[in-house]
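Here's the letter readout for the chains.
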Amino acid sequence: MRVFLDSVDRGVGDVVVNGPHIPKVVVDGKEVEKYFNSCTPKESRHAQYNVRAKDILASILTLDEFYLASPSKS
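Residues numbered from 1 in each chain as written. Predicted model: local features only at pLDDT ≥ 70, side-chain atom pairs only at ≥ 80, totals over all residues. Heavy atoms only, no water.

A. Molecular detail of the layout of surface pockets. Its boundaries defined by the atoms lining it, the largest pocket holds a volume of some 280 Å³. Together, Val15, Pro20, Asn50, Ala53, Lys54, Leu57, Ala58, Leu61, Phe66, Ala69, Ser70 and Pro71 line the largest pocket. Among the elements of the structure, helix 3 (41-59) and helix 4 (63-69) are those that each provide at least two residues to the lining of the largest pocket. The element that contributes the greatest number of residues to the lining of the largest pocket is helix 3, accounting for five residues. Here the lining of the largest pocket is composed, by residue class, of nine nonpolar, two polar and one charged. (1 Å grid on protein atoms, 1.4 Å probe; cavity = no way out; pocket = protein on both sides within 12 Å on 5 of 7 lines; lining within 4 Å. Points joined across faces, edges and corners; volume = space filled by probe spheres on them. Helix = DSSP H or I, 4+ residues; strand = E, 2+ residues; numbered from the N terminus. Nonpolar A, V, L, I, M, F, W, Y, C, P; charged D, E, K, R; others polar.)

As structure tokens, this is what we get:
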């Protein structure tokens, strides 16, 4: 799986191993997530790696596995 993810893009494999990159900014001394439209091109590219990784991993799950892995809506 790692080889496949790296073949899509090296950044996609890195997201799966190291976790998602969430761009942040300091506002009033507190770190908060950046709005998408204020991200740098590099941050946008990393966000796209997150989306690609989720899409690939979700596509290999059975429907039952997908529902188990999905956040609950309670």
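B. Representation of a nonpolar patch on the surface in the model. A cluster of nonpolar side chains, contributed by Met1, Phe4, Val8, Val16, Leu57, Ile60, Leu61, Leu63, Phe66 and Tyr67, occupies part of the molecular surface with about 910 Å² of accessible area. Every element with two or more residues in the nonpolar patch is listed here: helix 1 (2-8) and helix 4. Among the elements that take part in the nonpolar patch, helix 4 stands out by supplying three residues, more than any other. Residue position: tyrosine 67 is located in helix 4. When its relative accessible area of 56% is taken as the criterion, tyrosine 67 is described as exposed. (Patch = residues over 30% accessible without salt bridge, like charges linked within 9 Å, V, L, I, M, F, W, Y side chains within 5 Å. Areas by Shrake-Rupley, 256 points an atom, 1.4 Å probe, with all protein chains shown as cover. Salt bridge = Lys/Arg side-chain N within 4 Å of Asp/Glu carboxyl O. Buried < 20%, exposed > 50% of the residue type's maximum accessible area, 1.4 Å probe, protein only.)

C. Here's a closer look at the nonpolar core. Leu5, Val12, Val15, Tyr49, Ala53 and Ile56 together form the largest nonpolar core, which totals six residues. Elements with a contribution of two residues or more to this core: helix 2 (10-18) and helix 3. At three residues, helix 3 tops the list of elements feeding residues into this core. Not counting residues within four places of it along the chain, the set of residues in contact with valine 12 comprises Leu5, Tyr49, Arg52, Ala53 and Ile56. (Core = buried A, V, L, I, M, F, W, Y, C linked by side-chain atoms within 4.5 Å. Contact = heavy atoms within 4.5 Å.)

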